[in-house]
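Examination of the molecular architecture
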Amino acid sequence: MKQFLLITLLVSLFTSISISTSAQSKPLVLNEPTQKLLLTLDNMVKNKAQYHAKHYERIRQLKALARKAKGYNKYNIYKNIFDLYAHYQTDSAQVYIDAMTRLPEYKSDVVMQATLHIAQAEIYAVSALYTEAISELEKVPHSLINHEHADLQLYYFRTKRTLYGWMSDYTKIPTQHHLWAEKTMNYRDSLLSIKATQGVHRAIIQADKYNALGQPQKAIALLRPYVNKMSESNPMPYICFTMAHACLLANDSTQAAYYLTLTAIADLRKGTCEYQALPILAQVLFRTGDVKRAYTYLLCSMEDANFCKAGLRAIEVSNIFPIIDKQYKQQEKAQRHRDRLLIYLLIALLVALSGTVVYLRKQMIKLRVMRRKQALSNQQLAEANEQMKVANLKLQEALDEVGRTNEELQRTYSQLRMTDKMKEEYIARYLNRCRMYLDQLSEFRSTTLRLIKNRRYDDIAQSLQKALNAKTEQAQFYADFDAAFLTLFPNFVEAFNALLQPDHNIQVKKHGQLNTELRIYALIRLGIHDTSRIAHFLDYSTATVYNYRSKIRNKALCAPELFEQQVATL
């Protein structure tokens, strides 16, 4: 007994520690689509080297083409290589800017010169060299920033909006923040004003403006149609990131996490190393309690920022990493403490289980002896139960027989009561008919004597013909029979018709009066089945009664041979 108490105590402690562990480490549950996407993102973070390899393979192929190209074709390939390096590895991107400036076409092509100044500013901005980026953009001739050079104009305005936006976000001086925010808004409006900004790109810029103005619901409504058309397997990062920003401003962390995850998946799939979505997603997950995942994502972001030499992103991650790192290490320390405690408890549990096994073995030997005795007792009880079952079966059979006898007696009693009622009804009518005949005979005798006395012999003949009219007496007999029968069986006509086919129901001409067919079957209901007796009673020939019975049987719903049996039970 002591061993059982000890094991129970240890299991309770083990369970409480496990519950405590899961309660402390379980993050706030996000919706199912976001959870599935986070699993995909986890796998991509773990295997990001594969995506970097694919990205570099595209660069390698372009480098091979560049070695064979000449003139502007070489410039365009260099420009594509720069685009692939710009947010992947800034020092390599710088190499290709320098390479493009050494092309012969560079010296005479002012548009190319302006494009490379903007590209140089883009690299400076990514590296957090804002002063150098502004200086480089000032080298771009304003005369070239027009609709005739739409691509250059779009590139210039986009780079300036991005540059001033980053400067506004990360300056700690309020006046400078206001100044850069105003410039950001101006260049955002400039992007909206040019024809090159159309379709989804215009929607993204307009939504970004709504976010800057503190109107996230308008941004969400504007981007919703584009988001609905987008596939999760091929997300558009700029739409998703702007949508996530709007959701964060609207305090909808669940949806924000969903769109940030889509953006991070798109960034990693492209092999991008300079990005915003993943570290912001890490902050959102940290606030929901998913510290481990947030820590993993921040490590990935820091590695990529350092690899890319993106100073701005490195600063972003460095600002929040210590907080999450501290929380993560605290959780790890607490987890190790709980793991050690669980190990000690498991050792104690094993010791207790060993003692319990020895104790149980002794108890099992005792139980084996008791089971033998119990088996013998059970066998004796089983035999007694079998005898009891046989007795119960016999008793049940006797009770069933009594029940059947009672039912038969009840039916007999009901029939006797009906027979008594029929006798009473018909005796009363018979006596009444006799009394009526005696009164008629007495009256006829008086009338006849008076006519004889007065020698009115012709009147006597007429009186005899009038008084002894068989048809009238027969009709009166039928009426008395009908009234007596319907008094005993008021629903006979309806019940009888229910046994016939619907289109062969019998309709009586007068209420309370039966026709020939109904009178024949009324006599059958009274127990008179013999055709000759029915014919004598109704003053019909035997053939007539037989024909009526056959005709009605053929109109029955049931089999003809069962019809009269059913009539007898109405």
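Throughout what follows, the structure given in this document is the object of discussion. Keep in mind the model is a prediction, meaning the values are calculated, not measured.

To continue, consider helix α13 (residues 253-270). Along its 18 residues, α13 runs 25 Å from first to last C-alpha, staying within 8% of the 26 Å computed at 1.5 Å per residue. Burial analysis of α13 places 13 of its 18 residues in the buried class, the great majority of the element. Directly beyond the C-terminal end of α13, a positive phi value near 85° is found at Gly271.

Here the focus is a positive patch on the surface. Residues Arg361, Arg368, Arg371 and Arg372 make up a contiguous surface patch of positive charge. Look at Arg371 and you get exposed, because its relative accessible area is 58%.

Before going further, it helps to spend a moment on the pattern of salt bridges. Enumeration according to the criterion identifies 17 salt bridges in this entry. Residues Arg404 and Glu401 are paired through a salt bridge, measuring 2.6 Å at the closest nitrogen-oxygen approach. Placement of the pair is Arg404 and Glu401 together in helix α16 (residues 311-453), with a separation of three residues, close to one helical turn. Taking the relative accessible area as the measure of exposure, Arg404 reaches 46% and is therefore partly exposed. Glu401 sits in the partly exposed class, given a relative accessible area of 42%.

What follows concerns helix α23 (residues 560-567). Taken together, the buried positions of α23 are occupied by Phe563, Glu564 and Val567. Taken down its axis, α23 places every buried residue within 85° of arc, on the same side. The exposed residues of α23 that point more than 90 degrees off its buried face are Glu561 and Gln565. Summarising the contacts, the buried residues of α23 are in contact with α19 (492-498), α20 (516-525) and α22 (542-553).

With that settled, the discussion passes to the environment of Ala125. Structurally, the position occupied by Ala125 is in helix α6 (residues 110-126). On the accessibility criterion, Ala125 (4% relative accessible area) is buried. Expressed as a C-alpha distance, the spacing of Ala125 and Ala310, which sit 185 residues apart in the sequence, is 8.7 Å.

Conventions used here
Residues numbered from 1 in each chain as written. Predicted model: local features only at pLDDT ≥ 70, side-chain atom pairs only at ≥ 80, totals over all residues. Heavy atoms only, no water. Helix = DSSP H or I, 4+ residues; strand = E, 2+ residues; numbered from the N terminus. Expected span 1.5 Å × (residues − 1). Buried < 20%, exposed > 50% of the residue type's maximum accessible area, 1.4 Å probe, protein only. Patch = residues over 30% accessible without salt bridge, like charges linked within 9 Å, V, L, I, M, F, W, Y side chains within 5 Å. Areas by Shrake-Rupley, 256 points an atom, 1.4 Å probe, with all protein chains shown as cover. Salt bridge = Lys/Arg side-chain N within 4 Å of Asp/Glu carboxyl O. Lys, Arg positive; Asp, Glu negative; His and termini not counted. Charge placed at Lys NZ, Arg CZ, Asp CG, Glu CD. Arc of directions from axis to C-beta. Contact = heavy atoms within 4.5 Å.

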